[in-house]
Amino acid sequence: MSGAATPLLLGASELFPRGVLPYLLGGVLVGVGTAVIYLGTGIHAGASTFLESTLSYVSDVERFQRYTGSRRWRLLFTAGIVSGAAVYALLTQSAPWTTDVQWWRLLGGGLLVGVGTRLGKGCTSGHGICGVGSLSETSLANVATFLAVAIGTAQLVAALGVSP
């Protein structure tokens, strides 16, 4: 093995301490799932649209009524995302998932992500998986922006010494 490959492999083991297989398998399952939805319905499987359509059950606001014809399968899909993650966690982890992040930081981050989702006309899953997969120029620009802002934010937070 060449000396140049050794640092790369060391970095991979730090980035993927459980190995690459779970991430590879997860990516394949996400890709197949979005392809099945698109081939079966002709609709891109972005998560923010699922939330918007689900809100049509409890709100008469016009913007939430755009997807009432497809909200049943969207609700089932969203339930599948949550229950699939829960089943995986139950089968592979010895303790329930926890975090040291304070509740107010989680709430604030969630609100910022929600506002960003509306401003960006979609979420990272919609743009990153479906949009990039269909070579949408808008999605490519959005994903580049998401990554740049995320990397910059992570660097700023690390430089400030902020911890959970």
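The preceding data block contains the structure.
Along each chain, numbering runs from 1 in the same order as the chain's sequence is written. Reporting in this predicted model follows two pLDDT cut-offs: at least 70 for local features of residues, and 80 or more for side-chain atom pairs to be given and counted; totals over whole chains, interfaces and linings ignore these cut-offs and use all residues. Heavy atoms throughout the structure, all of them, feed into the side-chain values; hydrogens and water do not.

Some words on unusual backbone geometry
Part 1: Non-glycine residue Leu135 carries a positive phi angle of around 60°.
Part 2: The topology assignment puts Leu135 in the loop between helix H6 (124-133) and helix H7 (137-160). Here a helix means four or more residues in a row that DSSP labels H or I, a strand means two or more in a row labelled E, and each is numbered from the N terminus.

Details of helix H3 (residues 47-55)
Part 1: For each residue, the accessible area found with a 1.4 Å probe, counting protein chains only, is set against the maximum for its type, and the residue is called buried under 20%, exposed over 50%, and partly exposed in between. Taken together, the buried positions of H3 are Ser48, Thr49, Phe50, Glu52 and Ser53.
Part 2: Buried residues along H3 sit in contact with helix H4 (71-92) and helix H5 (103-119). What makes two residues a contact is simply this: any of their non-hydrogen atoms within 4.5 Å.

Considerations on the side chain of Thr34
Part 1: Mapped onto the fold, Thr34 is located in helix H2 (residues 21-41).
Part 2: Assessed through its relative accessible area of 14%, Thr34 is described here as buried.
Part 3: With residues up to four places along the chain from it excluded, the contact list for Thr34 reads Ala45, Ile129 and Cys130.

A word on the environment of Thr54
Part 1: With respect to the helices, strands and loops of the structure, Thr54 is situated in helix H3.
Part 2: Residue classification places Thr54 among the partly exposed positions, given a relative accessible area of 24%.
Part 3: Through-space distance from the C-alpha of Thr54 to that of Thr78 is 9.2 Å; in sequence the pair is 24 residues apart.

Side note on the environment of Ser48
Part 1: By secondary structure assignment, the location of Ser48 is in helix H3.
Part 2: Residue class for Ser48 comes out buried when judged on its relative accessible area of 13%.
Part 3: C-alpha separation for the pair Ser48 and Ala154, spaced 106 residues apart in sequence, amounts to 24 Å.
Part 4: Those residues in contact with Ser48 that sit more than four places away from it in its chain are Thr117, Arg118, Gly122 and Cys123.

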